[in-house]
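Topology and contacts: notes
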Amino acid sequence: MSDSETPVFWFPGDDPEMEQAAARARQTFRFFWRELAWEQRRIIPGLELAAVKAAFFDPPEIQSQTPETPHVEHMWLMDVDFDGRHLYGTLINSPHSLQTYAEGDQVTIPGMQISDWMYVISGNVYGGFTVDMLRSRMQPGERKQHDQAWGFDFGEVGMVNLVPPEFFSDSPARKKSFFSFLGTPKPVAQDYAKVAATEHPMSVNMRKSLDETLASNPGMVHEKDERGFTFLHQLALAGSWDGVDICLKHGADPQQTTPNGMTPLALAKSLNWTRVMERLQ
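What comes next is a walk through the structure. (Residues numbered from 1 in each chain as written. Predicted model: local features only at pLDDT ≥ 70, side-chain atom pairs only at ≥ 80, totals over all residues. Heavy atoms only, no water.)

**Let's talk about the layout of surface pockets**
A water-sized probe rolled over the atoms picks out the places where empty space is left. When its volume is computed, the second largest pocket comes out at roughly 210 Å³. For the second largest pocket, the full set of lining residues is Trp-33, Ala-37, Gln-40, Arg-41, Asp-81, Asp-225, Glu-226, Arg-227, Gln-234, Leu-235, Leu-237 and Ala-238. Among the elements of the structure, helix H2 (29-39) and helix H8 (231-237) are those that each provide at least two residues to the lining of the second largest pocket. When residues of the lining of the second largest pocket are assigned to their parent elements, the largest contribution, three residues, is made by H8. Grouping the constituent residues of the lining of the second largest pocket by class yields five nonpolar, two polar and five charged. (1 Å grid on protein atoms, 1.4 Å probe; cavity = no way out; pocket = protein on both sides within 12 Å on 5 of 7 lines; lining within 4 Å. Points joined across faces, edges and corners; volume = space filled by probe spheres on them. Helix = DSSP H or I, 4+ residues; strand = E, 2+ residues; numbered from the N terminus. Nonpolar A, V, L, I, M, F, W, Y, C, P; charged D, E, K, R; others polar.)

**With respect to the sheet that holds strand S1 (residues 49-57)**
Strand order in this open sheet of six strands is S4-S3-S2-S1-S5-S6, and the pairing throughout is antiparallel. Taken across any chain shown, the strands that pair with only one partner, and hence form the sheet edges, are strand S4 (106-110) and strand S6 (124-127). Adjacent strand axes in the sheet meet at a mean angle of 40°, parallel and antiparallel pairs treated alike. Note that strand S3 (residues 86-91) and S4 share five bridges and pair antiparallel. Residue pairing across strands places Tyr-88 opposite Thr-108, the latter belonging to S4. (Pairing = 2+ DSSP bridges. Axes fitted to C-alpha atoms, helices over the stretch in contact; angles between N-to-C directions.)

**Description of the packing of aromatic side chains**
Inspection of every chain in the model, using the stated rule, returns 12 aromatic pairs. Measuring from ring centre to ring centre gives 5.9 Å for Phe-32 and Trp-117, while their planes differ by 50°; the resulting arrangement is tilted. Separated by 85 residues along the polypeptide, Phe-32 in helix H2 and Trp-117 in strand S5 (residues 114-121) bring together distant segments of the chain. A relative accessible area of 1% places Phe-32 in the buried class. When the ring of Trp-33 is compared with that of Phe-82, the centres are 6.0 Å apart and the planes differ by 65°; the resulting orientation is edge-to-face. Of the two residues, Trp-33 sits in helix H2 while Phe-82 sits in strand S2 (residues 72-82), which places them 49 residues apart along the sequence. An aromatic cluster of three or more residues is present, and its members are Phe-29, Phe-32, Trp-33, Phe-82, Trp-117, Tyr-119, Tyr-126 and Phe-129. Over the ring of Trp-273 we find Arg-30; its NZ or CZ atom is 5.4 Å from the centre of that ring. Between Lys-194 and the ring centre of Phe-168, over which it is positioned, the NZ or CZ distance is 4.7 Å. (Phe/Tyr/Trp six-rings, centres within 6.5 Å; stacked < 30°, edge-to-face > 60°. Buried < 20%, exposed > 50% of the residue type's maximum accessible area, 1.4 Å probe, protein only. Lys NZ or Arg CZ within 6 Å of the ring centre and 35° of its normal.)

Written as structure tokens, this is what we have:
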């Protein structure tokens, strides 16, 4: 699906199922950001898509001029960044009725203004809570057409996975074979508590090399990226207990603030990374 074809959604405030789906997306946004943060460190990209959906509004003076048109549109962003307070991205939709936004705009929104998120690895979608709700209301033929338009596998309706099965060292789902008629295991909903309690594999694998790098180059622990974030800031926001532990071991300052005034602990709190918060405290 091309960017211009990516759908724009309206849903009324009195749609409790859709509001609940959006709330679940906000509650789990940290897993999207964690994956995106590690994607930025990969030599070979692993994500085919990473996007966030958010609510956009015209200012009141514009709304008053067109009271009969919808004043809220939920649209997708790509090239996403997050600093603990605000989310930044490129709007990939053309609004239907909003007058102050256009496709391609660089936008900044409060982090909790999002209504959905999703990323794609090997054609499989992770996240997509409101998309799953919309798919649940489609007839089978409509759902198939929807999925083909996106070109990704959204999985079973009602089951929104946060991470790939390999995250837990599980075997990936097997493709259908000649003997599929004998029956395949029924899909099982992912255990979100297990996801939250499990360190990202890249965090675990990075521990030794980060330790060796900082031991050989002590000054690196104090260096900042283009946003003014040290390694400790970056890894705290990404929920990396191993990374935070190694940075503290090598003298990283847990009281140093980012340009927007957030300490590593505040960054971890912004996404509720409990284990990281405990380590920083």
